[in-house]
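Each chain, written out:
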Amino acid sequence: MTVYVLGIGSNINAEYQCRQMIAALEQRFGEVRVSELVTTKAVGLEAPDYINGVVCVESDMSAETLQQWCKRLEEQLGRDREQHLCAADIDLLLALDCSGALAMDKLINQVKEPWFRPLVTELLNRNMMSFG
């Protein structure tokens, strides 16, 4: 089983959309661990603020299959990649094999988006003992 860490975000009806993403993940994967939801500024474009969060799910699904599933969910929730407004964004941040020791600092630094790093740190520190 792999633990996947996903970043979620939206800047259209953002809190509702984030809750919709979490509900869909729960329906598909069962238990979902969720960070706090935080407001962040849009980076690199003029757009409304985002609400972002981090979720963890366990699955035997491959990372590629999970990414495809997430992109379909984004589309179902109204994602239009031609727009600066984003109804739903779900990004695979980390895939963790919990069978061995984890070097948390190295894992966190693999997360490209700096606004996700504190959320990933908090969520993993709070929940890693319950994985596996």
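A brief report on the enclosed structure follows. Because the structure is predicted, anything quoted here is derived from the model rather than measured. Within every chain, residues take consecutive numbers counted from 1 along the sequence as written. Since the coordinates come from a predicted model, pLDDT governs what is reported: local features require at least 70, and pairs of side-chain atoms require 80 or more to be given and counted, while whole-chain, interface and lining totals use all residues. The side-chain numbers reported here are obtained from all heavy atoms of the structure, hydrogens and water having been left aside.

**Things to note about the overall build of the chain**
Rules: Secondary structure follows DSSP: runs of H or I at least 4 residues long count as helices, runs of E at least 2 residues long count as strands, and numbering of each begins at the N terminus. Type-normalised accessible area, obtained with a 1.4 Å probe on protein chains alone, sets the label of each residue: buried when under 20%, exposed when over 50%, and partly exposed for intermediate values. Any two residues whose heavy atoms approach within 4.5 Å are treated as being in contact. For every accessible area listed, the method is Shrake-Rupley and the probe measures 1.4 Å; residues are considered covered only by the protein chains on display.
Counting its regular elements, the chain contains four helices and five strands. Reading the secondary structure of the chain in the N-to-C direction produces β-α-β-β-β-α-β-α-α. Per-residue burial for the chain yields a buried fraction of 45% across its 132 residues. Long-range pairs, those at least 24 residues apart, make up 69% of the contacts in the chain between residues at least 6 apart in sequence. Carbon and sulfur atoms make up 47% of the accessible area of the chain, which amounts to about 7,400 Å² in all.

**So, the pattern of salt bridges**
Counted only if it meets this: Throughout this description, the term salt bridge denotes a Lys or Arg side-chain nitrogen within 4 Å of a carboxyl oxygen of Asp or Glu.
As enumerated under the stated definition, the model contains eight salt bridges in all. The closest approach of N and O atoms between glutamate 58 and arginine 33, which form a salt bridge, is 3.9 Å. On the criterion of sequence distance, the pair formed by glutamate 58 in strand E4 (residues 50–59) and arginine 33 in strand E2 (residues 33–34) is long-range, its members being 25 residues apart. You can call glutamate 58 partly exposed: its relative accessible area is 24%. Two residues, arginine 79 and glutamate 74, come together in a salt bridge whose shortest N-O distance is 3.6 Å. Glutamate 74 gets classed as buried once you look at its relative accessible area, which sits at 0%.

**Remarks on the environment of glutamate 113**
By the element assignment, glutamate 113 lies in the loop between helix H3 (104–109) and helix H4 (117–127). Between the C-alpha atoms of glutamate 113 and glycine 7, which are 106 residues apart in sequence, the distance is 9.2 Å. Apart from residues no more than four positions distant in its own chain, glutamate 113 is found in contact with Asp91 and Leu93.

**Remarks on the layout of surface pockets**
To find leftover empty space, one rolls a probe the size of a water molecule over the atoms. Put simply, the rule reads: Here a cavity is any set of points on a 1 Å grid over the protein atoms alone where a 1.4 Å probe fits but cannot get out, and a pocket is any open set with protein on both sides within 12 Å along at least 5 of 7 lines; a residue lines the site when it has an atom within 4 Å of a point. Grid points are joined across faces, edges and corners, and a volume is the space filled by probe spheres set on the points.
Looking at the largest pocket, its volume works out to about 300 Å³. Secondary-structure elements contributing two or more residues to the lining of the largest pocket are E4 and strand E5 (89–97).

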